[in-house]
Structures are given as structure tokens and as C-alpha cells.
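Chain residues, written in single-letter form:
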Amino acid sequence: MSTAAGRFQRLMLTLPRFAAERTQSLSKLAESLEVTQEVLLTDLQSITDRHDLPAGFQEPVSVAIDGDSVTIDAAHFLRPMRLSQAELAALELGLRLLSRDADGETATLLDTLRTRLQQCIARLPRDEVYEGLRDGALAPSGDAHVRTAIRRALRQSRVLRIEYLRPGDSTGASRDVRPFRLCWSNGSWYLVAWCEQAEGLRNFRVDRICGAVLTERRHDGPQGLDDPALAQEAVPFLGASSAPTLVLRYAPSISRWIAERDGLPLEADGSAIRTMPLADRAWAIRHALQYGAECRIIEPEDLRSELLETLEGMAVKGRSKK
Amino acid sequence: MGVSPKLQRWIDLMAALLDRRYGLSLAELRIEVPGYRAGRPESVRRTFERDKDELRRLGVPIDIVGRPGDPDPRYRLAGDRFYLPYLVVAGERGLVRPRRIDRDGYRAIAECEFDDEAVALLADAARRVSEIGDPMLVAYAQSAVRKLATDIAPEFLAPTQGVRVLPAIARASPEHLEVLGAALLHRKQASFTYYGIERDETERRTVLPYGLAFTSGHWYLHALDPARGEIRGFRVSRMRELSVNARAPGTQDYEIPATFSLADRAAPRPAWELGEEAPVEVLVRFEQTNGYTTVARRLGQRREADMACYSVRRREPFLRWLLALAGDVVPLSPPDMVREYHALVQRTLKAGRAVA
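## Observations concerning the confidence of the model for chain A
Here is step 1: The pLDDT averaged across chain A works out to 88; a share of 93% of its residues lies at or above 70.
Here is step 2: Throughout residues 233-237 of chain A the model reports pLDDT below 50, and contacts reaching past four residues in sequence, or to other chains, amount to 13 contacts.

So, in C-alpha cells, the structure goes:
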């Protein structure tokens, strides 16, 4: 965006701030506009430093600066501009990302919101060039009602009662959790929450939460947690620091996909090696199985035997079906 | 330092137009706007036309009043089309209204009411946009939210804390997204070197961009590839040496056909549903109920209590997905898929035994 356009947009946000109070603190204003004081001053000077003005011309914007105080008169610019089509298109992409993931009630609310936002834009010729150029969706991940309940629990700091189906269990178990974070990573949503039953931080795959109900209880949020650690890529392996190490080797025929997804370097023979904490043996076996003969468990050895047993069971079942 | 004659002209022009309900002709604007006084009429007209077009691109709705072809039309900037409506938030404690400006030019501004829950979703939407890596979108979403924040208190406009979309490791370059966004807007042809991971080959592509979609954590350019005569999806993170046709900047290289729907292409689909092969209906039986099979069921069409049907275009990804279910789900038909599944089990077992 050109300098003039950038300044213009900042000014159109700055000037309406003086509708209620003509004099304001420059430093506070800069802070609230998320720009430096230098940028703010330069923007204001760019329209007020004038020479050779015709006699009788009344400047539409007058600015007086005294220390940290700035006084502005801008009679025609006391309201912000309407949203532009480009701004609406950006918000609409966000709304579409939310609505593809939403339950019926939320989707209706989002539709109404879109209509209201349409009322806030300035319609211009050629607006249609923006339409339909961007879209998006995250992979569907479980019940939309569950995600809505989690979002509400996060907004209201409420304890959530969830019905969680662990990978190996045939029925769900009820748990009261204090939601801390809802993360989308590598194709799935994960709820990071303090589990009151386990008295520890746990990671729940949202598509395995069969039901979620907001309780009346509020909580103060998890205290003393290492926040940056939770933002790491290894969300599924949260809390597994004491687990044994799992080492997998992916054959050269598939390693380029693995290298791209996990950011791994390729070995000299073209294979890729991945090391991670072994938090869940069943998960590790199924993970290896999805790559068939192209993935090998290097460590731990007993897991390799377990994988073979699983495959033998599958083969026997196949023979008996014939 | 920092003086901008152009910006001064823009502000003067807008102020002059906002001041006159019925608009002004260019001759009248030459009196009202100091920046248009000096110079020959043709040169001033060119400057004015450029200013008008740039302001329109920035969202300033300057209208032309008069018949088409009128050599001396009037130009108008109506306050009710320019100023943001007053935004009212409806919440549990009733309506929260912003302070109205009791001055000429502002009294006719309409109100627009938002539900407080909807405003929270709007904040979440803006946050989501800021997480997906396109700097142009981030700038537009932020400036939209700042405008809305003039009337809506921060407690309503706060995104839900703790909801995050973690970026993929192989991310699209922000510069590429910006360049492709501009190419799309101006309908200009784009060229890039593309790594086709399936065939493990890199080649130069020249395409007509139809849309950008953020699907399952990755940006894809959906574009017509004239060399292949079809619309294809290109993962932006696999592009290098991107350039856009710089010839004839004021003209469009192509039009996006009305039949093209980015929404259809943006929807995430399992790997076995992608591709152009004719789909095969595969019936499977669930032998166990657990966390894995519950998730797997959702991807198919339920047939009976323990059966589901999947529409499969690409066999290999589907068979590997079945294999990963470790025997909890088994294929029942068609027979060739059942045979291929068991062959895959045997092959994997053999490889595992060889290692052991």
C-alpha cells in the first residue's frame, strides 16, 4: 500500500477519536491506535504543514500540538469511514472459517452478522472484483455443538463436563475439565484443559468428545503453567515428557511428505527419521500402520513386536473371512 | 518533513464534497480545493480523476451525478454513504449505544444493531484471519475492527482467549500470498516454479488465478492451467519464483467464469475423495466401538448399525486409512477392494517380519 494510502487510512481512524474530546494525550492516542508517536505526528503534519494557501481558505483539519497534548478540529471527519469491500471480504473469510465449523445456532448468528456487516460497507462500482476470491475451511473435527460449548466455557471461564471416548474404550467417560486452550493443529482440534478427575493438564482430541455441557462453576484458569510450552507444535504429546522415546523411519518413497509436514531433514538414503515421546502405544501402532510397509518402528523394540502381533491378528481375521 | 500534497488534496476534496449535499462540478472543486487551482485544465482533470479513483479504491464512495457522457458532471460524497452507521450492541443489559454527533452532516446517520454474541464471533473471525498468514488480509481485518471499535466497547469486541490455529510447518510465504492476492484482484496471469510432490518433479507453470483457499491449514491457489486445460489446486508453500504478468497493468488478462465456485473447492475432503477417477462405493463393517472408529464413522454414510459406505476415488489412501484402524474396521465390498486390503496387510506384515 502506498504511503499516502496508508496515511490516509490511519488518519481516517485517528480523526474520529476527536469527536468527543478535542484535546487528547498524544502518547495515549498512539498507543490506542497501535502506532508510534512519530508515525502519528508525521501523519498529522503531512496534512497540516501547508504553504501558499489561498486567502480565506479554511483548512478542513486543524491540529495544535503542545507537549503531549494534541488538539484537533476536523468537522467533516468525526465518524470513521464505512467498511471497504476489501475489509468486509477479510472479515467474511474469518466468518466462513467459523461457520464451516459451527453448530446450527451459531451458523444462524453468523448469517445475521454477515447481513449486518453488509449494511456497514460503502458500496462502490467494481466491488464485485472482491467477491469469491478467498475461502477456507478447517477439516471437520467432531461435533459442532461440542466446539460451541468449549468456546463458551473459554469465554466465561466455566468448568465444562465432557463425555470423552478414549481411543481404546468402547464407552465414553464423564470428566469435569477447566478449558485452557482450544488448538487446531495438523488437521484436528485439541482441547487443552485441567482435568479435575486426573488433577492434571490433559489434552483431549475434540472429535472424541461425544458431549459437552457447561456447568455453573467458574474457575480462575490454570495457574503457573508454562504457557509457551503449550503453544508448541507437539500438542498431541502434551505432558508426555517422562514417556519413553518413539523412533520411526519412513521409507524414501513417502519421506518427502513426512519431511514437508513435520519439517524433518532427509537422511542420506532419502528416508526420514522422526523422534517423539511415546505417550500412547495404540496411537503409535496406528500411526505406523497408516504408512504400511513404508514405516518402521525403530524404537522401542517391544512396540515393534506389538505392531507385528496386531498385523498377525489382522491377517488371521482376513484368512478366516475367506 | 512528511508533507503530502496528494493527501492534502484528498482531505480537501472530501471535505468540500461532504460539505455540499448536491455535489460539486470540477470547476467548482477548482475553487474549493487549493491543489486543483494551479495548472492547465486538462492536467487538473487528470489529477482529479486519479485522486477520485484512488479514493474510491480506498472505499470513499464518490458518486458521479449527471447523465452518462455529460462533459461536466457533478461529483457527490453523501455523508450517509460515507460515514459508518452508529453501531449498537444488544446484550443482556439492554442496548449499548455510542454517543451521537449532534452536528449537521451527522444527524441522518443510521443505526445498525448487533447482538453481543455476534460481536464476539466477529472478533473471533478477525482473530482467525490474523492466524492464517496472509498479511493483506490481516491488515484489512485489523482496520475493519478498528473502525468498529469506534462504537463497540473492547469488552464486546474481545476474541475468545485461548483459541488458536497453529500454523503448518511448511507455510505459504506471506509475499507470495500478497502477490497472488493482487494478481487475483486485477485478474492477471501468474507464473511460478511448482514442486509436484506426488511425482516428485519441479516444473514451471503459468496459470490464470481463480481463487485462494485456506483448506485444512494450507493455502491453495485454484487456477486454470491452460497447458492442461483444467482447473487445478496448487499449494502455495510449494511455489517458488512467483511472478505476475506486468504487461498492460490496467487491463484484465482473463475473467473468472461464473460457473467457478471456490467454496466447493475450499471444502476439506479426505485424501481418497480427491482426484478425477470415477468413485467406487466401498462398504465396511465396524468390528469395534472406540475413539478411533467413532471418528472414522463420521467420514462415511451410515448403512446399518455396524456398517458404513465410503465414496473412494483414490484406492491407496483409503486402504492405508483402513489399515491404520488396525482391524477394527474391515472392508466388505467390492471384492477387489477387499482383496487389495488383505494384500496390503500381508505386505506390511512381511516387511515387519523381515525387520524383526
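## Overview of the sheet that holds strand β6 (residues 111-115) of chain B
All names here are of chain B.
Here is step 1: Spatial strand order, β5-β4-β6: three strands in an open sheet with mixed pairing. The sheet is open, and its two edges are formed by β5 (94-96) and β6, each paired on a single side. Going across the sheet, the axis of each strand differs from the next one's by a mean of 30°, ignoring polarity.
Here is step 2: Note: strand β4 (residues 86-91) against β6, five bridges, orientation parallel. Looking across to β6, one finds that Y86 is bridged to E111.
Here is step 3: The strands touched by helix α5 (residues 116-130) are β4 and β6; relative to β6, the strand with the most contacts, the crossing angle is about 85°.

## Notes on unusual backbone geometry
A negative phi angle is the norm for most residues apart from glycine, just as the trans form is the norm for most peptide bonds.
Here is step 1: Cis geometry is adopted by the peptide bond preceding A:P300, which originates at A:E299 and carries an omega value of -10°.
Here is step 2: Along the chain, A:P300 falls in the loop between β12 (295-299) and α10 (301-321).
Here is step 3: Of note, the amide linkage connecting B:S333 to B:P334 takes the cis form, showing an omega dihedral of 0°.
Here is step 4: Position of B:P334 among the secondary structure elements: in the loop between β16 (329-333) and α11 (335-355).
Here is step 5: Even without glycine at this site, A:S157 takes up a positive phi of about 50°.
Here is step 6: Counting through the fold element by element, A:S157 comes out in the loop between α6 (144-156) and β5 (158-164).
Here is step 7: A:S157 sits in the partly exposed class, given a relative accessible area of 30%.

## Observations regarding empty space enclosed by the protein
Here is step 1: Counted under the stated rule, the structure contains two cavities of 30 Å³ or more.
Here is step 2: Taken as a whole, the largest cavity spans an internal volume of roughly 290 Å³.
Here is step 3: Together, 21 residues line the largest cavity, and A:L98, A:R147, A:R151, B:D124 and B:R128 are the ones closest to its centre.
Here is step 4: Listing elements by their share of the lining of the largest cavity, those giving two or more residues are α4 (85-99), α5 (104-118) and α6 of chain A together with α5 of chain B.
Here is step 5: Its residues assigned to classes, the lining of the largest cavity comprises nine nonpolar, three polar and nine charged.
Here is step 6: Size it by volume and the second largest cavity reaches roughly 70 Å³.

## Topic: the side chain of A:R151
Here is step 1: Following the sequence through the fold, A:R151 ends up in helix α6.
Here is step 2: Among the residues examined, A:R151 registers a relative accessible area of 12% and is labelled buried.
Here is step 3: With residues up to four places along the chain from it excluded, the contact list for A:R151 reads B:E117, B:A120, B:L121, B:D124 and B:T160.

## With respect to the pairing of strand β4 (residues 134-137) of chain A
Here is step 1: Every second residue of β4(A) is oriented toward a common face, with A:R134 and A:G136 on one face and A:D135 and A:A137 on the other, all of them buried.
Here is step 2: Where β4(A) lies against strand β9 (residues 201-215) of chain B, four bridges are found, and the strand directions are parallel. Following the sheet pairing, A:A137 is matched in β9(B) by B:T215.

About the thresholds
- Sequence order sets the numbering: in each chain, residues are counted from 1 along the sequence as written.
- Throughout, the order in which chains and ligands are written sets their labels, letters from A for the former and numbers from 1 for the latter.
- Reporting in this predicted model follows two pLDDT cut-offs: at least 70 for local features of residues, and 80 or more for side-chain atom pairs to be given and counted; totals over whole chains, interfaces and linings ignore these cut-offs and use all residues.
- The side-chain values count all of the structure's non-hydrogen atoms but skip hydrogen atoms and water molecules.
- A residue's pLDDT is the confidence the predictor assigns to it, expressed on a 0 to 100 scale.
- Only heavy atoms enter the contact rule, under which two residues are in contact if any of them lie within 4.5 Å.
- DSSP calls a pair of strands paired once it identifies at least 2 bridges connecting them.
- For helices the rule is a DSSP run of H or I covering at least 4 residues; for strands it is a run of E covering at least 2, with both sets numbered from the N terminus onward.
- Every axis corresponds to a line fitted to the C-alpha atoms, with the helix fit spanning only the stretch in contact, and the corresponding angles, defined between N-to-C directions, vary from 0 to 180 degrees.
- Exposure classes here rest on a 1.4 Å probe applied to the protein chains alone. A residue is buried below 20% of its type maximum, exposed above 50%, and partly exposed in between.
- A cavity here means a set of 1 Å grid points, computed over protein atoms only, where a 1.4 Å probe fits but cannot escape. A pocket is an open set with protein on both sides within 12 Å along at least 5 of 7 lines, and lining residues have an atom within 4 Å of a point.
- Grid points are joined across faces, edges and corners, and a volume is the space filled by probe spheres set on the points.
- Any residue that is not Ala, Val, Leu, Ile, Met, Phe, Trp, Tyr, Cys, Pro, Asp, Glu, Lys or Arg is counted as polar, Gly included; the first ten are nonpolar and the last four charged.

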